[in-house]
Number of protein chains: 4
Amino acid sequence: MSFQDENLQKEKVFRDPIHGTIIVDNQIILDLINTPELQRLRRIKQLGTTSLIFHGAEHSRFGHSLGAYEIARRMCNHFQRNYPQLTPGDGRWDDKERSVALCAALLHDLGHGPFSHTFEHIFNTNHETITRKIITQDTNVNRILRRVSDQFPEQVASVIDHTYPNPQVVQMISSQVDVDRMDYLQRDAYYTGTNYGLVDLDRVLQVMRPIKDGIAFDISGMHAIEDYIISRLQMYLQVYFHPVTRSLEVILDHLLMRAKHLYEDRPSLSEFTPDLLMPFFNQATQLDDYLALDDGVLTTYFQHWTHAHDDILADLANRFLNRIPLKSVIYDQSTVNLIPQLQDLITKAGFNSKYYTDTNSSYKLPYDTYNPKEANPQSQIELLQPNGELVELSSVSTLVHSVSGHAQGDERFFFPKEMLGETDQTELFAPIYQEFQSHIQNHTIIKH
Amino acid sequence: MSFQDENLQKEKVFRDPIHGTIIVDNQIILDLINTPELQRLRRIKQLGTTSLIFHGAEHSRFGHSLGAYEIARRMCNHFQRNYPQLTPGDGRWDDKERSVALCAALLHDLGHGPFSHTFEHIFNTNHETITRKIITQDTNVNRILRRVSDQFPEQVASVIDHTYPNPQVVQMISSQVDVDRMDYLQRDAYYTGTNYGLVDLDRVLQVMRPIKDGIAFDISGMHAIEDYIISRLQMYLQVYFHPVTRSLEVILDHLLMRAKHLYEDRPSLSEFTPDLLMPFFNQATQLDDYLALDDGVLTTYFQHWTHAHDDILADLANRFLNRIPLKSVIYDQSTVNLIPQLQDLITKAGFNSKYYTDTNSSYKLPYDTYNPKEANPQSQIELLQPNGELVELSSVSTLVHSVSGHAQGDERFFFPKEMLGETDQTELFAPIYQEFQSHIQNHTIIKH
Amino acid sequence: MSFQDENLQKEKVFRDPIHGTIIVDNQIILDLINTPELQRLRRIKQLGTTSLIFHGAEHSRFGHSLGAYEIARRMCNHFQRNYPQLTPGDGRWDDKERSVALCAALLHDLGHGPFSHTFEHIFNTNHETITRKIITQDTNVNRILRRVSDQFPEQVASVIDHTYPNPQVVQMISSQVDVDRMDYLQRDAYYTGTNYGLVDLDRVLQVMRPIKDGIAFDISGMHAIEDYIISRLQMYLQVYFHPVTRSLEVILDHLLMRAKHLYEDRPSLSEFTPDLLMPFFNQATQLDDYLALDDGVLTTYFQHWTHAHDDILADLANRFLNRIPLKSVIYDQSTVNLIPQLQDLITKAGFNSKYYTDTNSSYKLPYDTYNPKEANPQSQIELLQPNGELVELSSVSTLVHSVSGHAQGDERFFFPKEMLGETDQTELFAPIYQEFQSHIQNHTIIKH
Amino acid sequence: MSFQDENLQKEKVFRDPIHGTIIVDNQIILDLINTPELQRLRRIKQLGTTSLIFHGAEHSRFGHSLGAYEIARRMCNHFQRNYPQLTPGDGRWDDKERSVALCAALLHDLGHGPFSHTFEHIFNTNHETITRKIITQDTNVNRILRRVSDQFPEQVASVIDHTYPNPQVVQMISSQVDVDRMDYLQRDAYYTGTNYGLVDLDRVLQVMRPIKDGIAFDISGMHAIEDYIISRLQMYLQVYFHPVTRSLEVILDHLLMRAKHLYEDRPSLSEFTPDLLMPFFNQATQLDDYLALDDGVLTTYFQHWTHAHDDILADLANRFLNRIPLKSVIYDQSTVNLIPQLQDLITKAGFNSKYYTDTNSSYKLPYDTYNPKEANPQSQIELLQPNGELVELSSVSTLVHSVSGHAQGDERFFFPKEMLGETDQTELFAPIYQEFQSHIQNHTIIKH
């Protein structure tokens, strides 16, 4: 049975605060949405710890998945309406690709777990690998995809890992201006209540066009693309790189690390029973173990841990749950060597610096031209000129050229706010605190 | 130390998608926000099961609490700017009431637990009682409030339970147009992506004025109040009373009931270990037990239960987590007597009708004049005329008069969708399904 | 050449604050937009004097025309996607109707002139007649429409005056829920900065469906239609019926009337030279005379008239241009007979009551069922039930039933604000003012 | 009588789509709003010809004036709440400056006429000079201001021309981040329907603080200022510099120039009677002449001129009124010398190149540090660090540094679209058109 055979007689509509309506007109898509694998994403926050800083941003990956699907659907419609394939290989849009594009858009985040970034770091998992497994192994999602064909799950997975032969479909899902980013920038801006991420989605979609090697933009829409590049940068600088967000990620990271170390030291320890985490501690996870995790599972264990005998575990769990962030200061190459000195002072003040300090470097390259020599070369954005030739964005946009190639962000050292003497203190540690503070000015480590 | 003594030198600002900025200018308020008791509200969804229908509405009670505080702050400012007390008892605003008003607004939802409505039904708890306990017993919140005075916690609690002597403060927190409703209507509308709940908050605040007996509205703003009444009604009809929301509440209710019954039957059963729920099963809860609950804790146990030996428990947990709602049909007085007959058919089709069917009646009175004879008399809305006399809203507003006194809503009977034969089925039950369906037309139970 | 033959290879997009993008994909539509007849609508405010009260609402009929077109385009797409005609006469959508529907939507307001309501009253013109003339007589618009066929202009005109045979097309342009109202409610709400008029356009469109006799709504969308009915009512009560708007319309009406009277008395009077109005004073207008008028033309003459020798003309022109409204009070059947008495007092205070007083009755029927006996029967709204039967809206919606059949609004008497003694005054008139004010309380005429 | 003496007992509120509510709490402000001089701004579009491209942007300078006032009011409140003067000269906010600040904000655009930029170019007028005259000469505005004191009008005027002694007040009205720009960026974005201009006004206001030399920003709000700088740049590139807007300004400029030339050649010419423009043609204008002009007056004359005997006057008037823009191509230093050659071809094709061609150079410096050597040095933006020291924005913001000092924009040559052969043409001019087009590629002049 083909994908088209399962088109619905009447569209089903999801109301969405970002896109207004999300329209589903095919039974395959509807069935995929109703799988436990996708429903699980309702229990995983899109922005992890960020909601502890931007309290409005409590939205889950479920809405984002629907949103990415909806943008893909609108792109397919736009392409089919304006640039339908006339002869095979003419570089225009072949609407037979719609099925694989829509499914890939809907399922692209399927493998995400709770607080993915941090969790993966500690437990050595990888959400992309898991996404692929959920699509291609024996799951509800897989059974539904196989209604299209036996090869279909593998095709969908190959779009997500960039190996699908049609570059238009691949770029729709993963490129500088893909359905993933277009949805999350809008969605995160809406829920945080910032307007930095607002991009003119209608306009961006309107100027997109399929070309032989992927997707280009009509040069008449250059300003909408500039706006997109800048908006994305601003979301990074103002939301994703927020120092307090990073501080809470440090706490989460150290909390999980402490639990892991405790378990490794005394695996028989019955003091805490994170049943659903056990496979991860034991490094023997099945796909089902992974699918059983969500934000609530983790925070439930954290609640138990606040009563643990181990002081560090209990304290870190309390700091995370009740939002008691570490403080941070900026450092650079000239002051990085002062950090061990600061860590000594922190140790003297009674904190285990392994668990109560950390560094984090967050940088974003606003845009760059394609450079195959780089570890992770960015795809570049191509504009289509009236004479049919392509031109790379930063070569015509003064604005993008200005910001191109310069990574923006900072490097921060995190430590307990007690060191700033902002909390009650005995006189005992006062001299230590004073020395610590003498190394800091304007939220930055300074040399004497 | 007085509340004013703890005013901040520089305001602290929370960004909020609904109100733009939430301004905190007092250390007491800031410290209250940072208590574990208030931070816990981040882990409790404002709308419970509604986010399973309106996927955007995953916001928590934490943001709502801040929002209610912010509206109260703006009201105090508006009153103090325009109607400051000149002589005691003149019916104008005494700004010394600001402290108790702001704290009550911020803390009014403190006692809510996960899926409160349903949870309270099963475990016989009451969020209002718990709110009072958190404020007046030995908690972080209480310790902070006592910095103002020993009587202050009790005063704040008395505002929330309507016994505080100043009627302006009481009505600010609880009345037809209070800070609670004004925030949640806007917030729920924003997050669901509907615009029914949008009210002209600026305008409503602008026309509010303190009077001797509470709060009235300048008659020049009558239309803004009309709009508020209608918007509220529409949110009830379209969001809060959504049949699928109610269906998932039925499932949740029956799931918890099943767990409770299983535990009561065999309390030693080790099959499921909902540690944090035990005090509730045992009916021996402390305040701390209650504070340890949140949405994630419940759904974590539900995950465990999907693997339970008890089929009903496992199935209901699965239906709730993976959003497999019951279907529903409308009935009225003339068809309510057909329900036992339908339940028989459902039993014949293999479902335990105690757990798989239910009825629910949801009605909202759009507005009513004060009627002391009613069980739960609504406060009425008074408008202030140019000559200084008050007039009751529905006596001058044709629109409000039209909808006044007529409750709106419906009564529904819930049952498994299998009965509609929409899912795969053996031929075995086909005749039962057919008979069942013959009693239903246009989503309504009909007589033959 | 058919309409389809002129489809554009690439869509042209207008950015619109209400609809995001307005997409033109046909050369006929593009050429119609570029005619002087349609461009003229840029110089005619959508809401006339309302912008003097809601200062944000300075938008013109041009944007509204594009908006109505865009909604029609989306309706055609929705119908064609979901309910395409399978066999002639099956009551589904015949996409050959698209051309006439889109042109009628775009052109439906073509005959409007400056401050139409008032202007038509004084000069006995009629914008509907003029719309028909512009479409069917020798104009740029007509020449473009005739590219489709010789009959096409007449067909488009017949849609606008409800005589076109296909009821779906007629109702798309003129019915309770037509493209005209759906656009202007949203647009006027956006520009006034009120949110009363906000309707869930996506949702309303989504539940529309063609039926044999026109257009019905899926009953699942009933709440969206309720919201539409109520929003429309609120826009009437709060924006369109605003007393100050009506006051400025009274002034405008009397200003034009005074000019006409002056001219009729002394046609040779060279004192004012409203060249472009002359044909209207002389009651010998050609279509071109009408097309030469716009808001700016009228206000330019008003500026000249502020220097006129005739005191009344000069004063009324000044009041209109510089926004010096009359005051108003409400009356009803029991107090209407007091108006002559009030007018006497106004005359005694030195005002020509013919020009300085007036009455205005503004009522809106929120909704009504079809009643062929009424002068101007409203079409009723039909909902489609799952079993395929239609049901009239107010028979199932408690909310609509509540407001149905009860006209809302008021009757007001307008007079100079000097009578309220709010401006400087000699003692001379003080007793007159006092007597006048004794008849008024709470902005209402009262009996002694 | 002091300004404070005229504070209103009850605030008056204007509803505004951008700021929600505009609050007036002083009779002086209310009376200024009601002057004919300020009401006249309702008849002058904020963005002139831009509404011909962004059809939603038909808003007038009146709303902008109210908006600038409202932002100034909020700034004063924020300053007074957080940084009230404690001792004279302490660099904090002296609330006695409120009166002059609010009046200057409200009146800063008073001297603008219709299509100011172009009009001033042709008739050698200057809106800043006229603003000063309206404030300081015998006008309604002046009479109201003098209620505060005889010196008050001069003080208000001195704020607007930057000579007022208090730098905080001056920078509030004129600086990189002043109430003028903050209002118009938001307002223009709202009405055009673009979101480039959206800035986080709440956040920007929140981080502003008075300092000795004017106004600085708390460094914690740096990202909000970055966003402001970039948003402003994007509004320039995408809205204010739109090529079609500039094209219609060229037509308007040439139309007025043609009229002036015709009048200078034959002053007795009675063919057109632009009575209200005569003083400008005669270069003998009084303030009242200027105040009699508005957009409608000009377009009324343009309508008359479409029937003029002079072909060029009639054609240009028609092109302007009916939106028939010139086309444009980009040139630079290497191709500017080709323009005379292109003009020759245009002349050969039958157009008077003096009236039908032009060049326009539009560049915007996104941000620059203060450079006293420049003709028009920009004030720079200073951020306040935790240790109390100021730091210049671009020295800490990588983003602002990237765009700083590089002017963005382009230079364009305008010509009739007939040259592109897009319109019907006789074969006569075909070779000329072809040669012309051979010099153009990708909307740019190219060398052969």
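Here the structure is a predicted model, which means the values were calculated and not measured.

### Concerning the overall build of chain A
Right, on to step 1. The helix and strand inventory of chain A stands at 22 helices and 11 strands.
Right, on to step 2. On C-alpha atoms alone, chain A measures out to a radius of gyration of 24 Å, which is about the 22 Å that the 2.2 N^0.38 rule sets for 448 residues.
Right, on to step 3. Over its C-alpha atoms, taken along the principal directions, chain A stretches across nearly 80 × 55 × 40 Å.
Right, on to step 4. Taking all 448 residues of chain A together, the buried fraction comes to 51%.
Right, on to step 5. Within chain A, residue pairs in contact and separated by at least 24 positions form 66% of the contacts whose partners lie at least 6 positions apart.

### Concerning the sheet that holds strand S4 (residues 214–218) of chain A
Residue and element names in this part refer to chain A.
Right, on to step 1. Spatial ordering of the open sheet is given by S3-S4-S7-S8, a layout of four strands whose pairing is mixed. Looking at which strands have only one partner, the edges of the open sheet turn out to be strand S3 (208–211) and strand S8 (390–392). Taken pair by pair, the neighbouring strands of this sheet meet at an average axis angle of 45°, ignoring direction.
Right, on to step 2. Bridge count for strand S7 (residues 382–384) against S8 is three bridges, and the pairing is antiparallel. Residue Leu384 lies in a different strand from S8, and its bridge partner there is Leu390.

### Side note on the domain arrangement of chain A
Residue and element names in this part refer to chain A.
Right, on to step 1. When cut into domains, chain A gives domain 1 (4–240), domain 2 (242–322) and domain 3 (326–448).
Right, on to step 2. Taking the mean C-alpha position of each, domain 2 and domain 3 sit 26 Å from one another.
Right, on to step 3. Domain 2 puts nine residues into the contact, and the matching count from domain 3 is nine residues.
Right, on to step 4. Listed by contribution, the elements that provide at least two residues to the side of domain 2 that touches domain 3 are helix H13 (243–265) and helix H17 (311–321).
Right, on to step 5. Element by element, the count of residues in the side of domain 2 that touches domain 3 is highest for H13, at seven residues.

### Notes on the relation of the copies chain C and chain A
Both copies of the chain are related through a single rotation about an axis accompanied by a shift along the same axis.
Right, on to step 1. For the match of chain C to chain A, the screw axis carries a shift of 0.0 Å, the RMSD comes to 0.0 Å, and the turn is 180°. The relationship between the two copies is best expressed as a two-fold rotation axis.
Right, on to step 2. The overlap is high: 100% of the interface residues of chain C also sit at the interface in chain A, so the same surface is used on both sides.

### A few points about the packing of helix H4 (residues 98–107) of chain B against helix H8 (residues 152–160) of chain B
All names here are of chain B.
Right, on to step 1. It is at 9 Å that the axes of H4 and H8 come closest, and there the two elements cross at 65°. Crossing geometry of H4 relative to H8 is assigned as right-handed. Across the interface between the two elements, Val100, Cys103, Ala104 and Leu107 of H4 pack against Gln155, Val156, Val159 and Ile160 of H8.
Right, on to step 2. Here the contact of H4 with H8 is composed, by residue class, of seven nonpolar, one polar and no charged.

### So, the UniProt feature "domain: HD" (unreviewed entry) in chain A
Right, on to step 1. Feature annotation in UniProt places "domain: HD" (unreviewed entry) on residues 61–185 of chain A, given in this structure's numbering.
Right, on to step 2. Counting secondary structure, residues 61–185 of chain A comes out at 63% helix and 0% strand; the distance between its end C-alpha atoms is 13 Å.

### Structural notes on the relation of the copies chain A and chain B
Right, on to step 1. Mapping chain A onto chain B is achieved by rotating through 180° and translating by 0.0 Å along the same axis, at an RMSD of 0.0 Å.
Right, on to step 2. Here 100% of the contact residues of chain A are again contact residues in chain B; the copies associate through an equivalent surface.

### Here's the deal with the interface of chain A and chain B
Right, on to step 1. At the junction of the two partners, chain A supplies 30 residues and chain B supplies 30 residues.
Right, on to step 2. Of all the elements in the fold, those that place two or more residues in the side of chain A that touches chain B are strand S1 (7–16), helix H2 (36–39), helix H3 (61–82), helix H10 (179–192) and helix H16 (295–305) of chain A.
Right, on to step 3. Examining the composition of the side of chain A that touches chain B, we find that six residues originate from one element, H16 of chain A, more than from any other.
Right, on to step 4. The residue inventory of the side of chain A that touches chain B, partitioned by class, reads 10 nonpolar, 14 polar and six charged.

### Digging into the interface of chain C and chain A
For interface size, the figure often reported is the accessible area lost on association.
Right, on to step 1. Every contact between the two is made by eight residues of chain C and, on the other side, eight residues of chain A.
Right, on to step 2. Elements with a minimum of two residues in the side of chain C that touches chain A: strand S1 (7–16), strand S2 (20–26) and helix H11 (201–207) of chain C.
Right, on to step 3. The element contributing the most residues to the side of chain C that touches chain A is S1 of chain C, with three residues.
Right, on to step 4. Across the side of chain C that touches chain A, the residue classes break down as one nonpolar, four polar and three charged.

### Concerning the confidence of the model for chain A
Right, on to step 1. Considering every residue of chain A, the mean pLDDT works out to 92; 96% of them sit at 70 or more.
Right, on to step 2. Of the two predicted TM-score estimates for the complex, the pTM is 0.95 and the ipTM is 0.94.

### Points about the packing of helix H10 (residues 179–192) of chain C against helix H12 (residues 222–240) of chain C
Think of two packed helices as two axes; the pair is described by the angle between the axes and how far apart they sit.
Residue and element names in this part refer to chain C.
Right, on to step 1. Running from N to C, H10 and H12 cross one another at 50°; their axes reach a closest spacing of 11 Å. On the basis of the axis angle, H10 is oblique to H12. H10 and H12 meet at a crossing whose hand is left-handed. On H12, the residues that touch Arg181, Leu185, Asp188, Ala189 and Thr192 of H10 are Ser231, Arg232, Met235 and Val239.

### Things to note about the sheet that holds strand S4 (residues 214–218) of chain B
Residue and element names in this part refer to chain B.
Right, on to step 1. Strand order in the open sheet formed by four strands is S3-S4-S7-S8, with mixed pairing between adjacent strands. If you trace the sheet from one side to the other, it starts and ends with strand S3 (208–211) and strand S8 (390–392), each paired once. Each strand axis lies, on average, 45° off the axis of its neighbour in the sheet, ignoring direction.
Right, on to step 2. Pairing between S4 and strand S7 (residues 382–384): two bridges, direction parallel. Residue pairing across strands places Phe217 opposite Leu383, the latter belonging to S7.

### Quick look at the environment of Leu32 of chain B
All names here are of chain B.
Right, on to step 1. The topology assignment puts Leu32 in helix H1 (residues 27–33).
Right, on to step 2. The buried category is assigned to Leu32, around which 24 C-beta atoms lie within 10 Å.
Right, on to step 3. Taking C-alpha positions, Leu32 is 6.8 Å from Ile144, a pair spaced 112 residues apart along the chain.
Right, on to step 4. Those residues in contact with Leu32 that lie beyond four places of it in its chain are Leu38, Cys103, Leu106, Leu107, Val141 and Ile144.

### Description of unusual backbone geometry
All names here are of chain B.
Right, on to step 1. Here Arg323, not a glycine, exhibits a phi torsion of approximately 55°, which is positive.
Right, on to step 2. Here Arg323 shows up in the loop between helix H17 (311–321) and strand S5 (327–331).
Right, on to step 3. The exposure class of Arg323 is buried, given the 21 C-beta atoms found within 10 Å.
Right, on to step 4. Even without glycine at this site, His443 takes up a positive phi of about 55°.
Right, on to step 5. With respect to the element layout, His443 can be found in the loop between strand S10 (440–441) and strand S11 (444–445).

### A word on the pairing of S4 of chain B
Residue and element names in this part refer to chain B.
Right, on to step 1. Relative to S4, S3 runs antiparallel, the two being bridged by four bridges. Residue pairing for S4: Arg209 is matched across the bridge by Ala216.
Right, on to step 2. Linking S3 back to S4 in an antiparallel pair, the connection comprises two residues.

### What about the environment of Leu205 of chain D?
Residues and elements named next belong to chain D.
Right, on to step 1. Here Leu205 is to be found in helix H11 (residues 201–207).
Right, on to step 2. Look at Leu205 and you get buried, because 20 C-beta atoms sit within 10 Å.
Right, on to step 3. In the structure, Leu205 is positioned 126 residues away from Phe79 in sequence and 9.5 Å away in space, judged by C-alpha atoms.
Right, on to step 4. In this structure Leu205 touches Arg74, Met75 and His78, once residues within four positions along its chain are discounted.

### Remarks on the environment of Ser379 of chain C
Residues and elements named next belong to chain C.
Right, on to step 1. Along the chain, Ser379 turns up in the loop between strand S6 (358–364) and strand S7 (382–384).
Right, on to step 2. As a C-alpha pair, Ser379 and Ser175 span 204 residues in sequence and 6.3 Å in three-dimensional space.
Right, on to step 3. Leaving out residues up to four positions away in the same chain, Ser379 has contacts with Ser175, Gln176 and Tyr370.

The rules behind these values
Residues numbered from 1 in each chain as written. Chains lettered and ligands numbered in written order. Predicted model: local features only at pLDDT ≥ 70, side-chain atom pairs only at ≥ 80, totals over all residues. Helix = DSSP H or I, 4+ residues; strand = E, 2+ residues; numbered from the N terminus. Rg over C-alpha atoms; globule rule 2.2 N^0.38 Å. Buried ≥ 20, exposed ≤ 12 C-beta atoms within 10 Å, placed from the backbone. Contact = placed C-beta atoms within 7 Å. Pairing = 2+ DSSP bridges. Axes fitted to C-alpha atoms, helices over the stretch in contact; angles between N-to-C directions. Domains from an automatic or database assignment. Least-squares fit on C-alpha atoms with pLDDT ≥ 70 in both. Left-handed = near helix turned anticlockwise from the far one by under 90°. Nonpolar A, V, L, I, M, F, W, Y, C, P; charged D, E, K, R; others polar. UniProt positions renumbered as here; feature names shortened; annotations may be inferred. pLDDT = per-residue confidence, 0-100. Parallel < 35°, antiparallel > 145°, perpendicular 65-115°, else oblique.

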